[in-house]
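Residue strings, one per chain:
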Amino acid sequence: MELGIKGRWAVVCAASKGLGKGCAMALAQEGVNLVINARNSETLVTTAQQLKALNPGIDVVTVAGDIGDTQVRAAILAACPQVDILINNNGGPPPGDFRDWSRTDWLKALEANMITPIELIKATVDGMSERGFGRVVNITSGAVKAPIEVLGLSNGARSGLTGFIAGLSRQPQLVSRNVTINNLLPGPFETERLESALASEANISGHSLKDVTEKRLSGVPAGRFGTAEEFGAFCAFICSQHAGYMTGQNFLLDGGSYPGTF
Ligand code: NAP
């Protein structure tokens, strides 16, 4: 299927590895020009080279820095001739017990996983609306639908973003102008983040990595972890010209892990 987004410009945040990179790769294959971001500039430049190799016809611009930093966000927006597609992504907050979290810990999580994407949306959606095309995809987590107890900071901050998006995405001045805002909720995907989470679980529990991995997989009816490539392909479809009638949705990509009907 021709996605109809060749020549458009996308900002993909936190995109040097994992799910963000998967989205950038899928958009590159569709001929979308990219501004990509992550903190480590060396890894980011390597990813940019891989994206160019995938599609030499596109422009790929890198802006290194913490996406939570106002100046980094300003540099990203300045580097993009026009933002047609915005993929909001960031690292996730650390696990823990809510009794140990201070007000500062909460503010950090809210800043990273709720306010940062909202700031980028605020800076871009009205321009998208004027031009009559825009796609915003927020990478959140399956934990929004089925909270993971030790990830309370993530459950809280991402649910706040989700509630806000549910209202904003239905504004007639956006959706009637072909601007959609949707959320992607990953279950377990084979990325560095998942690898390190499994390794630390093995370390803490004293069980082998193999046992911890098998236990985790036993909760996934698909019998495997997801790949960044399939995550990216789904994201690219949401960003396509065909997806203009779909907004405010939360798409769970979890290999059947969530057991509910809705
Ligand atoms: P990952 O493989 O660790 O990749 C994270 C990417 O984000 C890297 O490119 C990293 O590069 C960048 N990054 C991290 N913090 C950043 C910051 N402050 N500013 C800019 N870039 C930053 O992680 P992932 O698995 O793709 O996860 C992506 C998001 O999905 C996370 O929020 C995670 O919690 C969520 N999620 C993942 C899964 C899963 O199974 N993988 C499941 C549910 C939710 P630098 O380190 O160089 O900045």
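Thresholds, definitions, all that
- Residues numbered from 1 in each chain as written.
- Predicted model: local features only at pLDDT ≥ 70, side-chain atom pairs only at ≥ 80, totals over all residues.
- Heavy atoms only, no water.
- UniProt positions renumbered as here; feature names shortened; annotations may be inferred.
- Near = heavy atom within 4 Å.
- Polar contact = N/O pair within 3.5 Å; in protein donor to acceptor, adjacent residues only side chain to side chain.
- Areas by Shrake-Rupley, 256 points an atom, 1.4 Å probe, with all protein chains shown as cover.
- Helix = DSSP H or I, 4+ residues; strand = E, 2+ residues; numbered from the N terminus.
- Nonpolar A, V, L, I, M, F, W, Y, C, P; charged D, E, K, R; others polar.
- Salt bridge = Lys/Arg side-chain N within 4 Å of Asp/Glu carboxyl O.
- Disulfide = S-S within 2.5 Å.
- Buried < 20%, exposed > 50% of the residue type's maximum accessible area, 1.4 Å probe, protein only.
- Contact = heavy atoms within 4.5 Å.

Going by the annotation in an unreviewed UniProt entry, the name recorded for the protein chain is SDR family oxidoreductase, with Halomonas casei given as the source organism. UniProt's Sequence similarities (unreviewed entry) comment on the protein chain is quoted here verbatim: "Belongs to the short-chain dehydrogenases/reductases (SDR) family."

As a matter of local geometry, the ligand sits amid 27 residues, with Ser16, Leu19, Arg39, Asn90 and Thr191 nearest to it. Asn90 places a polar main-chain atom, nitrogen or oxygen, 2.6 Å from an oxygen atom of the ligand. Interatomic distance of 3.2 Å between a backbone N/O atom of Gly187 and an oxygen atom of the ligand. Protein contacts shield 89% of the accessible area of the ligand, which totals 880 Å² for the unbound molecule. Mapped by element, the contributors of at least two residues to the shell around the ligand are helix H1 (18-29), strand E2 (33-38) and helix H7 (192-205). Class assignment of the residues belonging to the shell around the ligand gives a composition of 8 nonpolar, 13 polar and 6 charged.

Right, let's get into the pattern of salt bridges. Under the criterion given, the structure shown has 6 salt bridges. Two residues, Asp97 and Arg99, come together in a salt bridge whose shortest N-O distance is 3.0 Å. Here the salt bridges share partners, and the residues they tie into one network are Arg8, Asp84 and Arg131.

A covalent bond between the sulfur atoms of two cysteines is referred to as a disulfide. Throughout the structure, instances matching the rule amount to 0 disulfides. Distance from the sulfur of Cys13, which forms no disulfide, to the nearest cysteine sulfur (Cys80) is 10 Å. By relative accessible area, Cys13 is classed as buried at 0%. Residue Cys235 stays outside any disulfide, its sulfur separated by 3.6 Å from that of Cys23, the closest cysteine.

Relative to the helices and strands, Ile5 resides in the segment before strand E1 (9-12). Taking relative accessible area as the criterion, Ile5 reaches 0% and is therefore assigned buried. On a C-alpha basis, the gap between Ile5 and Ile85 in space is 9.5 Å, while along the polypeptide they are 80 residues apart. Look past the residues within four positions of Ile5 in its chain and what remains in contact with it is Leu27, Glu30, Gly31, Val32, Ile85, Phe133, Ala236, Cys239, Ser240 and Gln241.

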